[in-house]
Amino acid sequence: MREYLPRIVDAELADKLTYAGAVVVRGPKWCGKTATALQQAESTVFMQDPDTRENNLALAEAKPSMLLQGARPRLIDEWQEAPQLWDAVRFAVDLDDEPGQFMLTGSATPERRPRHTGTGRMSFLDMRPMSLYESRDSTGDVSLARLFDSPDATQGESAADVETLAYLTCRGGWPRAVTVGSQRASLRMAHDYLTAIAEEDISRVDGVARSPRYARLIAQAYARCSATQADMGTIRKDVKERGSELSRETVNAYVAALRNLYVIEDAPAWSPSLHAKSRIVTTPACYFVDPSIAAAALGATPRRLFADLSTFGMLFETLCVRDLRVYAEALGGKVYHYRDNTGLEVDIVLKLEDGRYGLFEVKLGSAQVDAAAKSLTKLAEKVNRSIMGTPAVMAVLTPGGYAYQRDDGVCVVPVTCLAP
């Protein structure tokens, strides 16, 4: 059995089990949901186990309560295979009003919706592929929580360079890729993941047969729009320019399927109160849940990324967004994007549940840090501070080097130094 590398969500899952009757762990395939839940499960039923699948499905139809029998917390893995289990779990929690009874893991939104929402009985926990801190590729010198509390105390150092980040971007945060021990093998896994999505999962997610070729074309188009506020018209135009006439409805359906598989996770637009009368662009920014999926869709390798720094920059931003999402959710935070009609754009706005917010730019090279800092301070001056407050932190994320605060108050932080 492979070594289990601790995850940031371990503590959050344990906490939720102290008050929620059931915890629903959601996220893309291969991101480690089952392994994480198994660390705290006392019994388990695997709905996709070939030896028991048919029997489990039959029980789920005839008497779902049978599948819930076992020591608690009981893990029901890939519960969406039998969506009626949701209502069975909800009912069981109602009968026995004790916390920590069940964990449900799933890598797709089920086609057949449960009758009840689970409100008040179930808590939700989103998982993503590993951050650099979880995969032991970050020194952890700079805590995101401390960055918000005391940006002037920022310090740290990482030996990582752009070559290292090119590899980490293409490898991604898949636990098996992290632990496999072979760089060549680790770089193949994202390609295998994309193949499974295009040839199998995109049709299984809702029972609608879809073309693997179209799935790849749309994934490529989405990858070319990574870290931008492209709309579905832009995606469709990209596909059309490559010789495929797909309708708006078809493109929308494929993108929706990728979203239901947790492959795509866009960043909503941040809409602060501003002093200036600027119109904020409200289209979400396009991101895959992991940069390696975009790299695989584009056929990018670490070496090819060096030949296309524009694409490298977009995928590096996707990596930074992934990591900030993982760290921020441990603090009750969410990731947003900002752009307005004046051309002012800030890559990442991180808003905490206590109302504090931070502004982040992502840059591959140190020569770009000054321009990034100017964008951050410009937005900070534009925000109506009497309503929104002052940004708790402004930072430029880089591949490696030193972490420090500049004279203008903007921090420079290698993503390979970050931790929760």
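The sections below set out a description of the structure shown in this document. (Residues numbered from 1 in each chain as written. Predicted model: local features only at pLDDT ≥ 70, side-chain atom pairs only at ≥ 80, totals over all residues. Heavy atoms only, no water.)

Glancing now at the pairing of strand E11 (residues 393-398). Burial analysis of E11 places six of its six residues in the buried class, which makes it a mostly covered element. Side-chain alternation along E11 places Val393, Ala395 and Leu397 on one buried face and Met394, Val396 and Thr398 on a second face that is also buried. When strand E10 (residues 357-362) meets E11, the two strands line up parallel, connected through five bridges. Among the inter-strand pairings, leucine 359 is bridged to a residue of E11, identified as methionine 394. Relative to strand E13 (residues 411-414), E11 runs parallel, the two sharing four bridges. Note on E13: the bridge partner recorded for alanine 395 is cysteine 411. (Buried < 20%, exposed > 50% of the residue type's maximum accessible area, 1.4 Å probe, protein only. Helix = DSSP H or I, 4+ residues; strand = E, 2+ residues; numbered from the N terminus. Pairing = 2+ DSSP bridges.)

On to the layout of surface pockets. Considering only enclosed or pocket space, the largest pocket measures out at about 860 Å³ in volume. Lining the largest pocket are 26 residues, and of these Trp30, Gly32, Thr34, Ala35 and Arg176 lie nearest its centre. Those elements that provide at least two residues to the lining of the largest pocket are helix H2 (33-38) and helix H7 (175-179). Here the lining of the largest pocket takes four residues from H2, the largest share from any one element. In this model, the second largest pocket occupies a volume close to 340 Å³. Along its surface, the second largest pocket is lined by 23 residues, and Asp126, Arg128, Glu265, Asp266 and Arg325 are the ones closest to its centre. Contributions of two or more residues to the lining of the second largest pocket are made by helix H11 (248-260), helix H14 (309-329) and strand E8 (334-339). Its residues assigned to classes, the lining of the second largest pocket shows ten nonpolar, four polar and nine charged. (1 Å grid on protein atoms, 1.4 Å probe; cavity = no way out; pocket = protein on both sides within 12 Å on 5 of 7 lines; lining within 4 Å. Points joined across faces, edges and corners; volume = space filled by probe spheres on them. Nonpolar A, V, L, I, M, F, W, Y, C, P; charged D, E, K, R; others polar.)

Below, the discussion takes up the sheet that holds strand E3 (residues 74-77). Here five strands make up an open sheet; going across it, the order is E2-E3-E4-E1-E5 and the pairing parallel. The strands lining the two open edges of the sheet, one partner per strand, are strand E2 (43-46) and strand E5 (122-126). Neighbouring strand axes in the sheet, compared pairwise and without regard to direction, differ in orientation by 20° on average. Two strands pair when backbone bridges link them, and E3 and strand E4 (residues 102-106) are joined in this way by four bridges, in the parallel orientation. Pairing of leucine 75 across the sheet is with methionine 103, part of E4. Strands in contact with helix H4 (residues 84-95) are strand E1 (22-26), E3, E4 and E5; relative to E4, the strand with the most contacts, it is inclined by about 160°. (Axes fitted to C-alpha atoms, helices over the stretch in contact; angles between N-to-C directions. Contact = heavy atoms within 4.5 Å.)

Leu144, Leu324 and Phe360 are the most contacted members of the largest nonpolar core, which totals 97 residues. It is H14 that provides the largest number of residues to this core, a total of eleven residues. Among all residues touching phenylalanine 360, those that are not within four sequence positions of it are Leu144, Leu147, Phe148, Leu324, Val346, Asp347, Ile348, Leu350, Leu376, Val393, Ala395 and Leu397. (Core = buried A, V, L, I, M, F, W, Y, C linked by side-chain atoms within 4.5 Å.)

Between its terminal C-alpha atoms H4 stretches 17 Å, which fits the 16 Å expected from twelve residues at 1.5 Å a residue. H4 sits mainly inside the fold: nine of its twelve residues count as buried. Every buried residue of H4 is accounted for by Gln84, Leu85, Trp86, Asp87, Ala88, Val89, Arg90, Ala92 and Val93. Those residues of H4 hidden inside the fold are in contact with E1, helix H3 (53-62), E3, E4 and E5. (Expected span 1.5 Å × (residues − 1).)

Under the counting rule described, the total for this entry stands at one cavity of 30 Å³ or more. Among the elements that line the lining of the largest cavity, the one with the most residues is H14, at three residues. Of the residues contributing to the lining of the largest cavity, the split by class is three nonpolar, no polar and six charged.

Looking now at the pattern of salt bridges. In total, this model carries 27 salt bridges according to the counting rule given. The partner of aspartate 126 in a salt bridge is arginine 26, with the nearest N and O atoms 2.9 Å apart. Placement of the pair is aspartate 126 in strand E5 and arginine 26 in strand E1, with a sequence separation of 100 residues. Classification of arginine 26 by relative accessible area gives partly exposed; the value is 27%. Its salt-bridge partner being aspartate 94, residue arginine 121 comes within 2.5 Å of it at the nearest N-O pair. One end of the pair, arginine 121, is in the loop between E4 and E5; the other, aspartate 94, is in helix H4, with 27 residues separating them in the sequence. Judged by its relative accessible area of 26%, arginine 121 is partly exposed. (Salt bridge = Lys/Arg side-chain N within 4 Å of Asp/Glu carboxyl O.)

This next bit is on the environment of leucine 261. With respect to the helices and strands, the residue leucine 261 is situated in the loop between H11 and helix H12 (291-298). Given a relative accessible area of 5%, leucine 261 falls into the buried group. Residues leucine 261 and arginine 26, 235 residues apart in the sequence, show an inter-C-alpha distance of 9.8 Å. Beyond its immediate sequence surroundings of up to four residues, leucine 261 is in contact with Pro28, Ser107, Ala108, Ile197, Asp201, Ile202 and Val205.

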